[in-house]
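Geometric and topological summary
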Amino acid sequence: MYDFTFLVAVIIGLTELTKRVTPLRKKFLPLISLSLGIIASILYVDGIWQDKLMIGVILGLSAAGLFDQSKILDRTSEEEERR
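Criteria and cut-off values
Residues numbered from 1 in each chain as written. Predicted model: local features only at pLDDT ≥ 70, side-chain atom pairs only at ≥ 80, totals over all residues. Heavy atoms only, no water. Helix = DSSP H or I, 4+ residues; strand = E, 2+ residues; numbered from the N terminus. Buried < 20%, exposed > 50% of the residue type's maximum accessible area, 1.4 Å probe, protein only. Contact = heavy atoms within 4.5 Å. Areas by Shrake-Rupley, 256 points an atom, 1.4 Å probe, with all protein chains shown as cover. Polar contact = N/O pair within 3.5 Å; in protein donor to acceptor, adjacent residues only side chain to side chain. Salt bridge = Lys/Arg side-chain N within 4 Å of Asp/Glu carboxyl O. UniProt positions renumbered as here; feature names shortened; annotations may be inferred. Lys, Arg positive; Asp, Glu negative; His and termini not counted. Axes fitted to C-alpha atoms, helices over the stretch in contact; angles between N-to-C directions. Parallel < 35°, antiparallel > 145°, perpendicular 65-115°, else oblique. Left-handed = near helix turned anticlockwise from the far one by under 90°. Nonpolar A, V, L, I, M, F, W, Y, C, P; charged D, E, K, R; others polar.

The name given to the chain in an unreviewed UniProt entry is Holin, and the organism recorded there is Candidatus Pseudogracilibacillus intestinigallinarum.

Okay, structure coming up:
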């Protein structure tokens, strides 16, 4: 079984790749992360389907949240550099 932090990192990477390769709007990126999380949990997590679905939702939302937090940190560091 894969470590969940590894799966979240892969989901973040695939979401970033999707953002750069496709002309998709940024507002759809959390939905992409959620979908990738569910797919990853179905493929790589053991258990019944309800557990896989819940873990997939958690993975996808975690990836979307971490992605958003990194953007916030980038903005704050840029603002501090300007001061």
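More follows now that the structure is in view.
1. Here's the deal with the overall build of the chain
Regarding its fold elements, the chain presents 3 helices and 0 strands. Traced from its N-terminal end to its C-terminal end, the chain shows the element sequence α-α-α. Across the 83 residues in the chain, those meeting the buried criterion constitute 22%. Restricting the contact set of the chain to residue pairs at least 6 apart, pairs at least 24 apart contribute 53%. Roughly 6100 Å² of accessible area belongs to the chain as shown, and the carbon and sulfur atoms make up 64% of that amount.

2. Thoughts on the side chain of Ser41
Secondary-structure assignment places Ser41 in helix 2 (residues 29–44). Within the structure, the side chain of Ser41 is placed 2.6 Å from the backbone oxygen of Lys52, a separation counted as a polar contact. What Ser41 contacts, discounting residues up to four positions off in sequence, is Lys52, Ile55, Gly56 and Leu59.

3. Things to note about the pattern of salt bridges
If you walk through the whole model with that rule in mind, you get 2 salt bridges. Among the salt bridges present, the one from Arg20 reaches Glu16, with a minimum N-O distance of 2.6 Å. Of the two residues, Arg20 and Glu16 are both situated in helix 1 (residues 4–21); the distance of 4 residues between them amounts to about one turn of the helix. By relative accessible area, Arg20 is classed as exposed at 67%. The class for Glu16 is buried, based on a relative accessible area of 18%. Where salt bridges share partners, they join Glu16, Lys19 and Arg20 into one cluster.

4. Notes on the UniProt feature "transmembrane region" (unreviewed entry) in the chain
As annotated in UniProt, the feature "transmembrane region" (unreviewed entry) corresponds to residues 28–45 in the numbering used here. Annotated as 89% helix and 0% strand, the span residues 28–45 places its first and last C-alpha atoms 25 Å apart.

5. Let's talk about the side chain of Lys52
For Lys52, the location among the structural elements is in helix 3 (residues 49–82). Nearest to the buried, unbridged Lys52 among oppositely charged side chains is Asp46, at 6.0 Å. A distance of 3.5 Å separates a polar atom in the side chain of Lys52 from the backbone oxygen of Val45. Among all residues touching Lys52, those that are not within four sequence positions of it are Ser41, Ile42, Val45, Asp46 and Gly47.

6. Some words on the packing of helix 1 against helix 2
The N-to-C vectors of helix 1 and helix 2 enclose an angle of 135°; their axes lie 9 Å apart at closest approach. On the basis of the axis angle, helix 1 is oblique to helix 2. Between helix 1 and helix 2 lies a crossing whose hand is right-handed. Facing helix 1, whose interface residues are Leu7, Ile11, Leu14, Thr15, Thr18 and Lys19, helix 2 presents Leu29, Ile32, Ser33, Leu36, Gly37, Ala40 and Tyr44. Taken together, the residues of the contact of helix 1 with helix 2 break down into 8 nonpolar, 4 polar and 1 charged.

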